[in-house]
Amino acid sequence: PDWVIAIGDGSEKRVRKSLDIPSSKQIFILQNKGNDLDFLKAWTDQVDARAEIASSIEQTIARTVQSEMEVRQADSQEKVKAAKIYSATMTNVTLNGLSKEDYYWIKTRTPKVDVKNPKLATDYNYEYTYYVVYTLDKDLYDRQIRQAMDDVQDNVDQAVFLNDVLSEKLMSTILLPEEEDSS
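The residue numbering used here restarts from 1 in each chain and proceeds along that chain's sequence as written. For this predicted model, a pLDDT threshold of at least 70 governs which residues receive local features, and a threshold of 80 or more governs which side-chain atom pairs are given and counted, while totals over whole chains, interfaces and linings are taken from all residues. Based on all heavy atoms of the structure, the side-chain values leave hydrogens and waters out of the count.

Student: Sorry if this is basic, but what is going on with the pattern of salt bridges here?
Tutor: It is possible for side chains bearing opposite charge to pair when their charged atoms get close. Any carboxyl oxygen of Asp or Glu within 4 Å of a side-chain nitrogen of Lys or Arg constitutes a salt bridge here. As enumerated under the stated definition, the model contains three salt bridges in all. One salt bridge connects Glu 12 with Arg 16, and the closest N-O pair in it is separated by 3.8 Å. Taken together, the residues Glu 12 and Arg 16, both in helix α2 (residues 12-18) and four residues apart, mark about one turn of the helix. Each residue is assigned to one of three classes by its accessible area relative to the maximum for its type, calculated with a 1.4 Å probe on protein chains only: buried under 20%, partly exposed between the two thresholds, exposed over 50%. The class for Arg 16 is buried, based on a relative accessible area of 3%. In this structure, Asp 45 and Lys 100 form a salt bridge, with 2.6 Å as the shortest nitrogen-oxygen distance. Placement of Asp 45 in helix α3 (residues 37-71) and of Lys 100 in strand β2 (residues 99-111) is noted, with a sequence separation of 55 residues between them. Residue class for Lys 100 comes out partly exposed when judged on its relative accessible area of 36%. Numbering goes from the N terminus for both helices and strands, where a helix is a DSSP run of H or I of at least four residues and a strand is a run of E of at least two.

Student: How do you make sense of the environment of Thr 44 when you look at a structure like this?
Tutor: By the element assignment, Thr 44 lies in helix α3. Linking Thr 44 and Tyr 130, residues 86 residues apart in sequence, is a C-alpha distance of 8.3 Å. Residue contacts are defined here by distance: any two heavy atoms, one from each residue, within 4.5 Å place the two residues in contact. If we ignore the near neighbours within four places in the chain, the residues touching Thr 44 are Leu 30, Asn 32, Ala 49, Tyr 130 and Val 132. Among the polar contacts made by the side chain of Thr 44, one reaches the side chain of Asn 32 at a distance of 3.2 Å. At 2.8 Å, the side chain of Thr 44 and the backbone oxygen of Leu 40 are in polar contact. Residues adjacent in sequence count toward polar contacts only when both atoms are side-chain atoms; beyond that, a polar contact is any pair of N or O atoms within 3.5 Å, and within protein one must be able to donate a hydrogen and the other to accept it.

Student: What exactly am I supposed to notice about the nonpolar core here?
Tutor: Side chains that are nonpolar tend, in soluble globular proteins, to be buried together. Phe 28, Leu 30, Ala 49, Leu 98, Val 132, Tyr 134 and Leu 136 are the most contacted members of the largest nonpolar core, which has 13 residues in total. When residues of this core are traced back to their parent elements, those giving at least two are β1 (25-34), α3 and β3 (124-137). By residue number, the principal contributor to this core is β3, which donates five residues. Take the buried residues of types Ala, Val, Leu, Ile, Met, Phe, Trp, Tyr and Cys, join any two whose side-chain atoms come within 4.5 Å, and each joined set is a nonpolar core. Grouped together as the second largest cluster of nonpolar side chains are ten residues, Ala 6, Val 15, Ile 21 and Tyr 131 included.

Student: What is the right way to read the packing of aromatic side chains from this model?
Tutor: We describe a pair of aromatic rings using the distance from one ring centre to the other and the angle between the two ring planes. Stacked, tilted and edge-to-face pairs are distinguished by plane angle, under 30 degrees for stacked and over 60 for edge-to-face with tilted covering the rest, among Phe, Tyr and Trp rings (Trp via its six-membered ring) whose centres lie within 6.5 Å. Going through the model one piece at a time under the given rule, you end up with three aromatic pairs. Here Phe 39 and Trp 43 contribute two aromatic rings whose centre-to-centre distance is 6.0 Å and whose plane-to-plane angle is 25°, an arrangement assigned as stacked. In this pair, Phe 39 and Trp 43 are both assigned in helix α3, four residues apart and thus about one turn of the helix distant. The exposure class of Phe 39 is exposed, given its relative accessible area of 53%. Where Trp 105 meets Tyr 128, the ring centres are 5.5 Å apart and the plane angle is 70°; that geometry is what we call edge-to-face. Remark: Tyr 128 occurs in strand β3 and Trp 105 occurs in strand β2; sequence separation between them is 23 residues.

As structure tokens, then:
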């Protein structure tokens with residue numbers, strides 16, 4: 001399908017267009033490889049999707065807290081404390097509303113290294129590549145992030161400031177606006 005080719009080209013815009021995904025939704029594209037297709041699908045759909053999205057949120061938070069605390073010239077103990085508090089809170093975001101839009105898999109075979117003239121099926125190694133596209137409504141995501149931010153129990157002086165900065169940074173870093181359509 002066109003959207004799988006677009007993934008290979010690195011074009012989120014083409015994936016969005018091919019699957020007719022509106023700009024009000026964020027796209028998360030995952031791919032995984034393995035020998036057991038059923039296990040690969042289950043693992044990617046149930047573990048990797050949430051882990052990858054949570055990881056991107058946590059990384060954004062850690063970088064933002066660090067840079068904002070440096071701007072405020074906080075001491076290192078305050079920086080570490082703030083980063084841990086916010087990162088821990090964001091790992092608890094459940095991301096309700098994550099929707100699987102489409103998936104596709106490809107089975108490839110490569111000759112085994114020790115086989116000189118492969119002729120039989122057993123002369124090859126088989127591997128599956130599984131692609132999946134998830135979406136999440138941007139407004140729903142924003143509400144969940146804001147709720148998590150409101151739950152932060154922080155007595156650092158910069159708590160309100162960090163809350164505002166992190167909310168803004170998460171929306172602008174992870175939920176980028178749709179690229180301009182040049183077609």
